[in-house]
Amino acid sequence: MTVVGLDDTDSREHGMCTTYVAARIAEQLRRSGWSVHRVLLVRLNPAVEYKTRGNAALSIHTDCDPARAFAIARDRLESLAETDDAQTNPGLVVADRTPEAGAIPADVRRFTRTAIRDHLEPAAAAALIERHGYRSWHAGDGRGRIGALAAIGSWAALEEWTYEYISYREPDRWGTPRDVNHESVFAAADRGYPSVWDTVDRGEDETVCVPHTPGPILHGIRGDDPDAVRAVADRIESEPVAGGRLFVTNQGTDVHLRDGSIGTVEDGRAYRVEGRVASEPETRRGGHVFVDIEPPAADGDRSAERLSCAAFEPTKRFRDRVRALRLGDRITACGEVADGTLKLEKIAVRDLVRTERVTPICPDCERTMESAGRKQGYRCRECETSASERAEQPLERDLENGWYEVPPCARRHIAKPLVRGGFDAPTHPER
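Residues numbered from 1 in each chain as written. Predicted model: local features only at pLDDT ≥ 70, side-chain atom pairs only at ≥ 80, totals over all residues. Heavy atoms only, no water.

A. Quick peek at helix H4 (residues 122–131). Pro122, Ala125, Leu128 and Ile129 are the residues of H4 that are buried. Take H4 and look down its axis: the buried residues cluster within an arc of 130°, on one side only. Residues of H4 that are exposed and point over 90 degrees away from its buried face: Ala123, Glu130 and Arg131. Phi turns positive one or two residues past the end of H4, at Gly133, with a value near 70°. (Buried < 20%, exposed > 50% of the residue type's maximum accessible area, 1.4 Å probe, protein only. Helix = DSSP H or I, 4+ residues; strand = E, 2+ residues; numbered from the N terminus. Arc of directions from axis to C-beta.)

Here it is as structure tokens:
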């Protein structure tokens, strides 16, 4: 078995898509008489600053001999990659090993996991490629070989996989508005849900599966079942489809999240952090909502370290969940850290404050008491009744314990939707 890995062929400005390049390579291999067993779409660290939107790398598993596979893949990369963009640095790696764990070296598997959760430099990829004698090619600064090598090791390094069926446009339509029937997308999404997810956002009336970039993708359908994603794609009414490809992917798995703690998180990485709400949620200019959390054990200790969390405007109605938090609520916060702030992807409400302390009411006249002075409690001037401290009363909450997530229109490719299940508390999925 030969494994072909490739990355970084697209451009933020000019389009193209590495999935399309991989699909063309796979088709060329098939036409040449070779079998393609699977094509993997591997999402790497979403916090890497030099990525394009999804930070995807691709690998192709084929029975083609390595030398021939390398020649075919290099030809396609050189003709299709957007190398006119200085930020595009395509890379190709070909390994003549079966993709299972026993055949892929342990250091390559570690490299894959690091590429998903951390940062790597081209020199690290180059050293591993040379150590294991893999064929490789690159343009520009060689950064594309990081993703290409990570894709080589992904089948052995990762355990959880989902699917995406991507339909492509006719080349003469690239860069023009997509002609996709809005109602048919929603109808197809209803037929496929819940095994097919993040196709539409009902709250925003948005077809999430249809991109807005100038590249070759018409729509991409994600889910847990390969037949179901293909069926949803087939039900969508649109402009002519030039072709399609099923990808095996780590999308929707949360594999990018690592367990972290307040005070130790680092920029450019994504975490799952336990904390207690330490500030009232604040809506700032632009509609962004910020709230601080502190370690659960701090319990109001002002000297405790705090972590700022943010629900940015694109997360839409999720911000209302964050605004509903109160001082003392215990939560799990998930997301990427940038500039010392955790950008929320989902939260789990673990324990809600159910009471609040208020100025006491006079039991005789039922009027609100007044302060009797610093540390002297409260009193009613009319009835001369008093109370030594604030009263405690039940607090109505707009939240319940459980998981809350950003809506589909704001979800990262790699983030796990709540509808997929497997979470440690009740879930409140967004559709």
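B. Focus on the layout of surface pockets. Size it by volume and the second largest pocket reaches roughly 560 Å³. Glu336, Lys343, Ala410, Arg411 and Arg412 are, among the 22 residues lining the second largest pocket, the residues nearest its centre. For the lining of the second largest pocket, the leading source of residues is strand S16 (residues 341–351), giving 3 residues. Within the lining of the second largest pocket, the residues separate by chemical class into 10 nonpolar, 4 polar and 8 charged. Structurally, the lining of the second largest pocket is a two-domain feature, drawing no fewer than three residues from each of domain 1 (2–157) and domain 3 (258–354 + 396–416). (1 Å grid on protein atoms, 1.4 Å probe; cavity = no way out; pocket = protein on both sides within 12 Å on 5 of 7 lines; lining within 4 Å. Points joined across faces, edges and corners; volume = space filled by probe spheres on them. Nonpolar A, V, L, I, M, F, W, Y, C, P; charged D, E, K, R; others polar. Domains from an automatic or database assignment.)

C. Up close: the pairing of strand S9 (residues 241–249). In terms of strand pairing, strand S2 (residues 36–43) meets S9 through 2 bridges, oriented parallel. Across the sheet, residue Leu40 finds its bridge partner in S9, namely Val248. Direction of pairing for strand S6 (residues 162–169) relative to S9: antiparallel, over a ladder of 8 bridges. Bridged to Glu164 within S9 is Phe247. (Pairing = 2+ DSSP bridges.)

D. Layout of empty space enclosed by the protein. Under the definition given, this model contains 1 cavity of 30 Å³ or more. Roughly 80 Å³ of volume is contained in the largest cavity. Around the largest cavity, the lining comprises 13 residues; the ones closest to its centre are Tyr193, Trp197, Asp198, Thr199 and Arg202. Considering only residue class, the lining of the largest cavity consists of 7 nonpolar, 1 polar and 5 charged.

E. Region of interest: the side chain of Asp198. You can see Asp198 is positioned in the loop between strand S7 (196–197) and strand S8 (217–223). Owing to a relative accessible area of 9%, Asp198 belongs among the buried residues under this scheme. Dropping the residues within four chain positions of it, Asp198 is found in contact with Val208, Cys209, Pro408, Arg411 and Pro417. (Contact = heavy atoms within 4.5 Å.)

F. Seen up close, unusual backbone geometry. Going from Tyr193 to Pro194, the amide bond is cis rather than trans, its omega being 10°. For Pro194, the position within the fold is in the loop between helix H6 (182–192) and S7. With a phi close to 65°, Glu366 is a non-glycine residue in the positive phi region. As for its position among the elements, Glu366 is in the loop between strand S17 (355–358) and strand S18 (370–371).

G. Representation of helix H7 (residues 226–235) within the structure. Taken together, the buried positions of H7 are occupied by Ala228, Val229, Val232 and Ala233. Burial along H7 is one-sided: seen end-on, the buried residues are contained in an arc of 135°. Along H7, the residues that are exposed and aim more than 90 degrees away from the buried face are Asp227 and Asp234. Capping the start of H7 is the job of one residue whose side-chain oxygen sits 3.1 Å from the backbone nitrogen of Asp227: Asp225. (Polar contact = N/O pair within 3.5 Å; in protein donor to acceptor, adjacent residues only side chain to side chain.)

H. Layout of the domain arrangement of the protein chain. Segmentation of the protein chain into domains returns domain 1 (2–157), domain 2 (162–249), domain 3 (258–354 + 396–416) and domain 4 (355–394). Each of domain 1 and domain 3 has a C-alpha centre, and these two points are 34 Å apart. Of all residues in domain 1, Arg43, Pro46 and Arg117 give up the largest surface area on contact with domain 3, accounting jointly for 49% of the area buried on that side. Across the contact surface, domain 1 and domain 3 share 2 salt bridges. With a closest N to O distance of 3.4 Å, Arg258 and Asp118 form a salt bridge. Joining domain 1 to domain 3, the criterion identifies 5 residue pairs in polar contact (both at pLDDT 80 or more). (Buried area = accessible area lost by both parts, 1.4 Å probe. Salt bridge = Lys/Arg side-chain N within 4 Å of Asp/Glu carboxyl O.)

I. Broad picture of the sheet that holds strand S20 (residues 386–387). Sheet architecture is open: 3 strands sit in the order S18-S19-S20, paired in antiparallel fashion. Taken across any chain shown, the strands that pair with only one partner, and hence form the sheet edges, are S18 and S20. The sheet contact formed by strand S19 (residues 378–379) and S20 spans 2 bridges and is antiparallel. Within S20, the position partnered with Arg379 by the bridge is Ser386.

J. Spatial organisation of the pattern of salt bridges. Applying the stated criterion across every chain yields a total of 35 salt bridges. The partner of Arg169 in a salt bridge is Glu239, and the shortest N-O contact between them spans 2.8 Å. Remark: Glu239 occurs in the loop between H7 and S9 and Arg169 occurs in strand S6; sequence separation between them is 70 residues. Given a relative accessible area of 1%, Arg169 falls into the buried group. Overall, the relative accessible area of 3% leaves Glu239 in the buried class. Glu313 is the salt-bridge partner of Lys316, the closest N and O atoms lying 2.7 Å from each other. What emerges from the salt-bridge pattern is a single network uniting Asp201, Glu204, Arg317 and Glu430.

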